[in-house]
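# What the coordinates show
Chain by chain, the residues:
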Amino acid sequence: QVAAALKEGRVTPTELCQRCLSLIQSTKFLNAYITVVEETARKQAEESERRYRRGQPLGVLDGIPVAVKDNFNTAGIETTCASNMLKGYISPYNATVVQKLLDQGAVLLGKTNLDEFAMGSGSTDGVFGPVRNPWSYSRQYKEKSVPKSPSEDKESNWVITGGSSGGSAAAVSSFTCFAALGSDTGGSTRNPAAHCGVVGLKPTYGLISRHGLIPLVNSMDVPGILTRCVDDAAVVLGLLAGHDPKDSTTVQDNFKPFELPNLTDVSKLSIGIPKEYHAPGLSSEIVALWSKAADLFKNAGAKVIEVSLPHTRYSIVCYHVLCTAEVASNMARFDGLEYGHRSDMNRSTESMYAATRREGFNDVVRGRILSGNYFLLKQNYENYFIKAQKVRRLIANDFVKVFQSGVDILLTPTTLSDAVPYTEFIKEDNRTRSAQDDILTQAANMAGLPAISVPTALSERGLPVGLQFIGRSFQEKQLLTVAKWFEKQVKFPMIQLEEVKRHDHDVFQHQKSASF
Amino acid sequence: QEVTVDVLDHLEQLALVDFRDAEGVERLRKAIQFAHQLHEVNTDGVEPMDSVLEDRCLYLREDDVTEGNCTEELLKNAREKVEEYFVAPPGNIPLPKLEERETFLQG
């Protein structure tokens, strides 16, 4: 819609850019952005405006403000991964996906906050502090929250965004940009999307280039897309997908961008409900919503059946071993020699490396490196690393079997509950939290499948809850078509934030406010 | 299986990262315990999976030089350099042994 407005001249790229930049300023307390590049953004907006005046926009994304998670390299802009290790590191190049966005004329507003090196499920463990969920400040949440004591500071009630792409999710959710890039290794795009009431798409592994995305787990990482509606996600996907010679793990198949049809007849669809996703700790609210969604499909004529993915409960353990092992390897490059933080210790190369890493990494990162190295020790390699790889195959095969039996799409919850208050969240350590929160999203990364979280309804506390659809490899079109149909049915309400004034809503409005 | 101080020391040397305190060591112990659940799964006859794209051919491009000449750019991010060299402190000096190192494991 905003692209149409730009084309028709109802709003100009520079106006749009300025509004977003002002909004970023007024929502600074959310801590969604690590770096805001006002000057370059304005320049990009001006160039875009010139193109529109000539009647030659580069495409639908020309002039659209976007944000990028701070673990993507952006030329000339600080890229920190929310870590002391990379504070002050100015990327010499653009990640492929960033380059693609810029080539389309998108206006890059800044880099968003995350858990350090994307390790975490709350966006609370970065060196720049935690990200606050915009919904903490929504009328919907404030109406439902009852202060425990008359003197309780309303400030302390704020809830987390989920993670690790929390900054990107918060940025999209608070209207400071129209699309944002995240990354997804265990659910890092879908989890915050569900908590922030936005669409979070994890594409099939191998569809979008990882060149320039600072790697966590090379065999599972994918760039993620966060937008306010499914159509937007499809548009961004169309611009980013495709083979990249700089990333040999991208497939060489020809990718054709698609427009999503308006599905009206779902009677030919077969929706699978995996019973193992009824995980321990799943809130009764979400169980009810999940059930309601299944009924929605059933009543519309689709075939809805219960299926089984028996190895689901091992996906977290499997992930734990494989992730820490790959992290141990990927973090080895940070030694202070060529880039990033460097310790003053200079007695020997090794002691300099050790000191640099001691100073640069937080507890979470160090913990994973040490665990990973443990699992890779000669005496443990077979029993832990290889074993985990075998279990990975079993998990991936579970999905193959289910899809082969005729199921088109799987419908599952995305998170165990709505967003918890920060003070609650930090009571448990990062690993425990990640193990709990990733359980519904992780298996899709194991198997490399595409998955999307769609905002479904508000919880009793007035916070967003999302549901997840998982599709077949490289069948994003089908996945998004179903997701779009679902989105239309549930009519998720728009966030009501004081910071976003009435007149801005005309440009930003997407859905009517009825509820599911 | 107890994780001995020897193993912890070995890990610190391999990873070049330290267990800062008792919490760090406890974290590792919990991680190992957690990983034990893997052994409940029967994986007889199952091949390890490296990549979900294992059925495809890896893309290899022609061995032609298409980019480069960015020495200045790359050197910009390094703290210590001399001309076109990254400068490191003297190498081939092993990390001090456990007794001589300033590490939590000593205690």
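Residues numbered from 1 in each chain as written. Chains lettered and ligands numbered in written order. Predicted model: local features only at pLDDT ≥ 70, side-chain atom pairs only at ≥ 80, totals over all residues. Heavy atoms only, no water.

Per an unreviewed UniProt entry, chain B goes by the name GATC amidotransferase and belongs to Tauraco erythrolophus.

An unreviewed UniProt entry lists chain A under the name Amidase domain-containing protein, with Tauraco erythrolophus as the source organism.

Moving on, we come to the overall build of chain A. Counting its secondary structure elements, chain A contains 18 helices and 11 strands. Taken along its principal axes, the extent of the C-alpha atoms in chain A is 65 × 60 × 55 Å. Taking the contacts inside chain A whose residues are at least 6 apart along the sequence as the reference set, 78% of them involve residues at least 24 apart. In the form shown here, chain A has an accessible surface area of approximately 18,200 Å², with 49% of it arising from carbon and sulfur atoms. (Helix = DSSP H or I, 4+ residues; strand = E, 2+ residues; numbered from the N terminus. Contact = heavy atoms within 4.5 Å. Areas by Shrake-Rupley, 256 points an atom, 1.4 Å probe, with all protein chains shown as cover.)

Turning our eyes to something else, we now look at the interface of chain B and chain A. Contacts between the two partners involve 54 residues from chain B, matched on the other side by 69 residues from chain A. Here chain B and chain A share an interface that buries about 5,700 Å² over both sides, 61% of which is from carbon and sulfur atoms. Applying the counting rule to chain B against chain A returns eight salt bridges. A salt bridge links A:Lys246 to B:Glu67; the shortest N-O distance between them is 3.6 Å. Our enumeration of links across chain B and chain A arrives at 26 residue pairs in polar contact (both at pLDDT 80 or more). Broken down by secondary-structure element, the contributors of at least two residues to the side of chain B that touches chain A are helix H1 (5–15), helix H2 (22–35) and helix H3 (71–76) of chain B. (Buried area = accessible area lost by both parts, 1.4 Å probe. Salt bridge = Lys/Arg side-chain N within 4 Å of Asp/Glu carboxyl O. Polar contact = N/O pair within 3.5 Å; in protein donor to acceptor, adjacent residues only side chain to side chain.)

All names here are of chain A. In this structure, Leu109, Phe117, Phe297, Phe399, Leu411, Ile452 and Phe469 are the most contacted members of the largest nonpolar core, which totals 167 residues. Residue contributions to this core peak at 11 residues, all from helix H13 (residues 378–404). The contacts of Phe117, once residues within four sequence positions are left out, are Cys81, Ser83, Met85, Leu86, Ile214, Leu216, Met331, Phe334, Phe361 and Val365. Ranked by size, the runner-up nonpolar core spans 17 residues in total, among them Leu23, Tyr137, Val159 and Phe492. (Core = buried A, V, L, I, M, F, W, Y, C linked by side-chain atoms within 4.5 Å. Buried < 20%, exposed > 50% of the residue type's maximum accessible area, 1.4 Å probe, protein only.)

Attention now moves to the sheet that holds strand S6 (residues 222–227) of chain A. Residue and element names in this part refer to chain A. Ordered in space as S1-S3-S2-S4-S6-S5-S10-S11-S9-S7-S8, the 11 strands form an open sheet in which the pairing is mixed. In this open sheet, the two strands that pair with only one neighbour each are strand S1 (33–36) and strand S8 (303–307). Neighbour-to-neighbour, the strand axes of the sheet open up by a mean angle of 30°, direction not taken into account. As paired strands, strand S2 (residues 65–69) and strand S4 (residues 179–184) are joined by three bridges and run parallel to one another. (Pairing = 2+ DSSP bridges. Axes fitted to C-alpha atoms, helices over the stretch in contact; angles between N-to-C directions.)

All names here are of chain A. Mapped onto the elements of the fold, Thr414 is located in the loop between strand S9 (409–413) and helix H14 (422–425). A polar contact is formed between the side chain of Thr414 and the backbone oxygen of Gly466, at a distance of 3.3 Å. In this view, Thr414 contacts Arg190, Asn191, Ala194, Leu440, Thr441, Ser453, Gly466, Leu467 and Gln468; residues no more than four positions away in its chain are not counted.

Further remarks concern H1(B). Along an α-helix, residues three or four positions apart point the same way, because every turn accommodates 3.6 residues. Of all the positions in H1(B), only B:Val7, B:Leu8, B:Asp9, B:Leu11, B:Glu12 and B:Ala15 are classed as buried. Along its buried surface, H1(B) packs onto helix H11 (349–360) and helix H12 (363–376) of chain A together with H2 of chain B.

All names here are of chain A. Counted according to the given criterion, the structure contains 17 aromatic pairs over all chains. Summarising the aromatic geometry, the rings of Phe29 and Tyr137 are spaced 4.8 Å apart at their centres and angled 70° between planes, so their arrangement reads as edge-to-face. You can see Phe29 sitting in the loop between helix H2 (13–26) and S1 and its partner Tyr137 sitting in the loop between strand S3 (107–112) and helix H5 (139–144), a full 108 residues away along the chain. Ring centres of Phe334 and Tyr339 lie 6.2 Å apart, and the angle between their planes is 75°; this geometry places the pair in the edge-to-face category. A connected cluster of aromatic rings, assembled from ring pairs, spans Tyr89, Phe117, Phe334, Tyr339 and Phe361. The cationic tip of Arg228 hangs over the ring face of Phe178; the distance from NZ or CZ to the ring centre is 5.0 Å. (Phe/Tyr/Trp six-rings, centres within 6.5 Å; stacked < 30°, edge-to-face > 60°. Lys NZ or Arg CZ within 6 Å of the ring centre and 35° of its normal.)

This part takes up the side chain of A:Gln389. Topologically, A:Gln389 is positioned in helix H13. The exposure class of A:Gln389 is buried, given its relative accessible area of 6%. Among the polar contacts listed, one links the side chain of A:Gln389 to the side chain of B:Asp50, at a separation of 2.9 Å. Apart from residues lying up to four places away in sequence, A:Gln389 is in contact with A:Leu322, B:Glu47, B:Pro48, B:Met49 and B:Asp50.

Turning our attention to helix H4 (residues 96–103) of chain A. Those residues of H4(A) not exposed but buried are A:Thr96, A:Val97, A:Val98 and A:Leu101. Positioned one or two residues after H4(A), A:Gly105 has a phi angle of 90°, which is positive.

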